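Residue strings, one per chain:
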Amino acid sequence: MAADWLTHRGVKSAKKSVNLSGEFLARFLLALLVIGTPLWIWAARRGETAVTVHALMPEKGGFLPDTLTAAVGVPLELNLISDDVMHGFAVGQTGWPAVDVKPGQMTEVTLTFAEPGTYTYYCTRWCGPNHWRMRGTIEVTGAEEREAPPASPPLYVELELDIDAPHELDILLKTPPSAARGAELDITLPSEFLSRDVYLTQTPFEVWQALRLASETAALTDEDVWDLVAAAWHSQTTDEQIQRGQTLYNQNCAACHGSGGGGDGVFGQAFDQASDFTDSQTMLGASTAVFDGKIRRGGMGTGMPYWGTIFTDEEIDALIAYLWTFQFPMDNE
Amino acid sequence: MKQQRLWLLFIVAIFGVAFAPLPLGTAVPTSRTVRLEASSFEFSPAVVAVNPGDQVTIELAATDVMHGLYLDGYDLEITAEPGQTAVLTFTADKTGTFRFRCSVTCGALHPFMIGKLKVGPNLLLWRSVALSLLAVLFFISREPLFVNREPLSVVRKPNAEYEIRNTEHGIRNTEHP
């Protein structure tokens, strides 16, 4: 029937090529069929396996559902849609790019996990004051039960540090210590002050005290010794690290702690006072391990969320490297 | 003849009002920076006025949730999250008044989160207002509605005689002298 109709049309419309337009149409339909059928099957199968995740403001429920399961190597298909405002979606510690979740628009994401474990997914767009409470977990099971490598405890647990203990100092620096000035002093620091362990576990004040007592610094002023501390701290961070830390800080921390680190971000007042990273009295009495612990665990009885499941170790290192620049500014640039 | 002259006068006036170049003081283009604070559901300031040709830098700072800014007419968009101020720089080369609106669904009243960018005086508006006034003036002068007009109702004089005559155009009321 269809062929008759096509031929008939061809006779009526084209005088020269009676059968050509009909044949063309038939080929076109065949091509549609060949391309369309696999697409249709793929779309239908996707609909069966995909999980729809609704995103709501945290006060209304956050991600629904907030627990997902997947298997290693098996693609997890997600259809993300917002039920109120714009949200985002990212999976912690994977480095996968974040996607936006908009109202009235389905965002399709396919995740394939290479390692078993518990992954945290979280909202990446400021959707409300409790935005950081908006999280969920994906339980990824391995193909065969493997003995998970024992997770090394965070540094503050290893050192048995009380990261909630007040660490305020009774000092007042007139000018911020400068690594550049410290380098100009042309004093070779004893190697024990340049070790990674010192940077991780000691507070700048402790290092300053130890340096003050060292024989090399006998001729220097207190400010000079602070410059030496800044130089020691600077030797443990790289510019790339600080750059990366700054990007992470602006994306995740600046809303509360302020883009200048002053604890004056727009949400700083909404919660209990956000820490002021420009305050030397509290900063110089804290070690890298304390910051590491606070970032990983969050809490402190404030609105600070925990980041241990979201940032990788390298990202936390980079963040802390950037935090130190509020005390030891990079004035050589 | 008088009517024709009036017509001509009005046509000249219409073209004058609509298209005449105005001797406006042309300000030397400068660069301006405007900090726009976006909160649910308003921009502050909501009205930004610049001179034509100015290099405008808008710093969009979100103070609660994520907001955006879409500028009508210029077709420019930026989004800002709390703690991450977004910067948009453009040359205000189109004169007039343009709406800007939030471009990120930020909450229930998101569609009402709007503001205005004024580039120079809004000539289009003022010319339209003048044209409307001109139209009113035209109709008043052409049809003297309120001058030398008899009342519409017919006053019958007492003891007047009326006759109904059948004419070729139909029935007509005629008053005898």
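You'll find the structure just up there.
Residues numbered from 1 in each chain as written. Chains lettered and ligands numbered in written order. Predicted model: local features only at pLDDT ≥ 70, side-chain atom pairs only at ≥ 80, totals over all residues. Heavy atoms only, no water.

(A) The sheet that holds strand 5 (residues 67-71) of chain B, seen in detail. Residue and element names in this part refer to chain B. An order of 3-9-8-5-6 is seen for the five strands of this open sheet, with the pairing classed as mixed. Strands at the two margins of the open sheet, each flanked by one partner only, are strand 3 (47-50) and strand 6 (76-80). Mean inter-strand twist for the sheet, computed between neighbouring axes without regard to direction, equals 20 degrees. Sheet analysis places strand 5 next to strand 8 (residues 96-101), joined by two bridges and oriented antiparallel. Directly across from L71, in strand 8, lies its bridge partner F100. (Pairing = 2+ DSSP bridges. Helix = DSSP H or I, 4+ residues; strand = E, 2+ residues; numbered from the N terminus. Axes fitted to C-alpha atoms, helices over the stretch in contact; angles between N-to-C directions.)

(B) Region of the structure containing the interface of chain B and chain A. Listed per partner, the contact involves 13 residues of chain B and 16 residues of chain A. Regarding the contact of chain B and chain A, the summed buried area is about 1,100 Å², with carbon and sulfur atoms giving 61% of it. It is M66(B), E81(B) and T105(B) in chain B that bury the most area against chain A; as a group they hold 37% of the surface buried on that side. Here chain B is connected to chain A by one salt bridge. One salt bridge in this structure joins E81(B) and R125(A), with 3.0 Å as the shortest N-O distance. Along the contact surface separating chain B from chain A lie four residue pairs in polar contact (both at pLDDT 80 or more). Here the residues of the side of chain B that touches chain A sort into six nonpolar, five polar and two charged. (Contact = heavy atoms within 4.5 Å. Buried area = accessible area lost by both parts, 1.4 Å probe. Salt bridge = Lys/Arg side-chain N within 4 Å of Asp/Glu carboxyl O. Polar contact = N/O pair within 3.5 Å; in protein donor to acceptor, adjacent residues only side chain to side chain. Nonpolar A, V, L, I, M, F, W, Y, C, P; charged D, E, K, R; others polar.)

(C) Representation of the side chain of N252(A). Note that N252(A) resides in helix 8 (residues 239-252). Other than its neighbours up to four places away in sequence, N252(A) contacts W132(A), W307(A) and F311(A).

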